[in-house]
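As a plain string of letters, each chain reads:
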Amino acid sequence: MLIPIAVVVVATNVYVAAERALCPVSLHKVHFNYHFGSMHDPFHWYELDKNTHCCNGSKQSPINIETQDTKCAKLGAIQYEFKRRRQLRGRIRINGHGATLAFFKQDRLVTKDFPFTNGEYVLASMHFHSPSEHLVNGRHHAGVLHLSHYKKEYGSIPGAIDKADGVVVIGVFLRVRGKSENNAFNRYVDGVSAQKGDKHEIVSLDPRELLRDGDYYTYKGSLTTPPFSESVR
Ligand SMILES: [Zn+2]
C-alpha cells in the first residue's frame, strides 16, 4: 500500500499585494459537502449564501502559483515559540469535510515572527486535502496538509475569519512514495485510520516535525470552503 510522505516544496515567495475591503462573512452556518452531483457540492458553494459571493474573488484561494511570477525575498523560517513539551495532544474528528486533528487548548503552539504578520498566531488544528488545492505551475500535488492558526487576540478560528489578519494557514505538500519516515505525519495518518464511529481518536504528535527547512510561498488569500472569507495569510 502506498502511503504519502510529507515534503516541503522548495521555492521562492509570491506576493499578492492588492488590499481591498474584507468580504462580508455569513454568521450562520452554511451547509456544504463534497458529494459531487448534490445541491451542496463545490460547484454550488458560491450560491449557498449571498454573502459567500465574496468580493468578486479579489483574493480567493486556492491559486495556481506560477514560479516565474513570484518575487524572491529573504524571510525567516517558519517557527514556533519554544515550548519544553515536545508532543501536542489533540482529537481527530471526521465530519464529512475531512479528517481534522484539533489540538487541545493547553497544548497549542504559538508562532514566532511569522512573515508579513503582526502578533502571535495560535495553531488550532490540522487536516489534509487530496489532491492539493493549490497548483504550482499548473500541477497539483498528491495532497497537502493544512495547519490552521488564528490570531491570538481573536481567540479562535470562528472569531478570526472575519478579520483581515485573522488566519494563517501553512500548507505542506505531500507526495506518494512508500512509507513516510515522518513520525508526526505517521501518527496523524494512524489516528485517522483508527478512527471508528463516534469515538474520537486522541493523537499525540509534534507538528514542528512536519515543517522542513527550506523556502516557501506566501500570499494573501481566503478560506477555501464557505464562507470563503479573505482573511488568510
Ligand atoms: Zn484546508
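Note that the structure is a prediction, hence the values are computed from the model and not measured. (Residues numbered from 1 in each chain as written. Predicted model: local features only at pLDDT ≥ 70, side-chain atom pairs only at ≥ 80, totals over all residues.)

## Regarding the overall build of the chain
Working step 1: For the chain, the helix and strand inventory stands at two helices and twelve strands.
Working step 2: The N-to-C order of helical and strand elements in the chain reads β-β-β-β-β-β-β-β-β-β-α-β-α-β.
Working step 3: Counting every position in the chain, which comprises 233 residues, the buried fraction comes to 29%.
Working step 4: Taking all contacts inside the chain whose residues are at least 6 apart in sequence as the whole, residues at least 24 apart take part in 67%. (Helix = DSSP H or I, 4+ residues; strand = E, 2+ residues; numbered from the N terminus. Buried ≥ 20, exposed ≤ 12 C-beta atoms within 10 Å, placed from the backbone. Contact = placed C-beta atoms within 7 Å.)

## Focus: unusual backbone geometry
Leaving glycine aside, a negative phi is the common case for residues, and trans is the common case for peptide bonds.
Working step 1: Residue P62 is bonded to the preceding S61 through a cis peptide linkage, with omega at 0°.
Working step 2: The backbone of D113 sits at a positive phi, close to 50°, despite the residue not being glycine.
Working step 3: With respect to the helices and strands, the residue D113 is situated in the loop between β6 (111–112) and β7 (121–129).
Working step 4: When the 12 C-beta atoms within 10 Å are taken as the criterion, D113 is described as exposed.
Working step 5: For N137, which is not glycine, the phi dihedral falls at a positive 50°.
Working step 6: Looking at the element boundaries, N137 is found in the loop between β8 (135–136) and β9 (139–140).
Working step 7: Taking the C-beta count within 10 Å as the criterion, N137 has 10 such neighbours and is therefore assigned exposed.

## Points about the confidence of the model for the chain
Close inspection of predicted coordinates is inappropriate in any region flagged by low pLDDT.
Working step 1: Looking at the chain as a whole, its pLDDT mean stands at 81, while 82% of the residues score no less than 70.
Working step 2: Counting interchain partners and residues more than four positions distant, the pLDDT-below-50 stretch residues 1–28 has 85 contacts. (pLDDT = per-residue confidence, 0-100.)

## With respect to the pairing of strand β12 (residues 202–205)
Working step 1: Residue alternation in β12 divides its side chains into a buried set, V203 and L205, and an unburied set, I202 and S204.
Working step 2: Both strand β4 (residues 88–94) and β12 contribute to a ladder of four bridges, which runs antiparallel. From the neighbouring strand, L88 faces β12, where its bridge partner is L205. (Pairing = 2+ DSSP bridges.)

## Quick notes on helix α2 (residues 183–194)
Working step 1: With twelve residues, α2 extends 16 Å between its outermost C-alpha atoms, agreeing within 8% with the 16 Å of an ideal straight helix rising 1.5 Å per residue.
Working step 2: Taken as a whole, α2 has its buried residues at A184, F185, Y188 and G191. The arc enclosing the buried residues of α2, seen along the axis, measures out at 125°, which places them on a common side. Residues of α2 that are exposed and point more than 90 degrees away from the buried face comprise N183, S193 and A194. (Expected span 1.5 Å × (residues − 1). Arc of directions from axis to C-beta.)

## Details of the nonpolar core
Working step 1: Counting residues in each nonpolar core, the largest one holds 34 residues, and the members touching the most others are L123, L145, Y150, V167 and Y188.
Working step 2: Top element by residues in this core is β7. It accounts for six residues. (Core = buried A, V, L, I, M, F, W, Y, C linked by C-beta atoms within 7 Å.)

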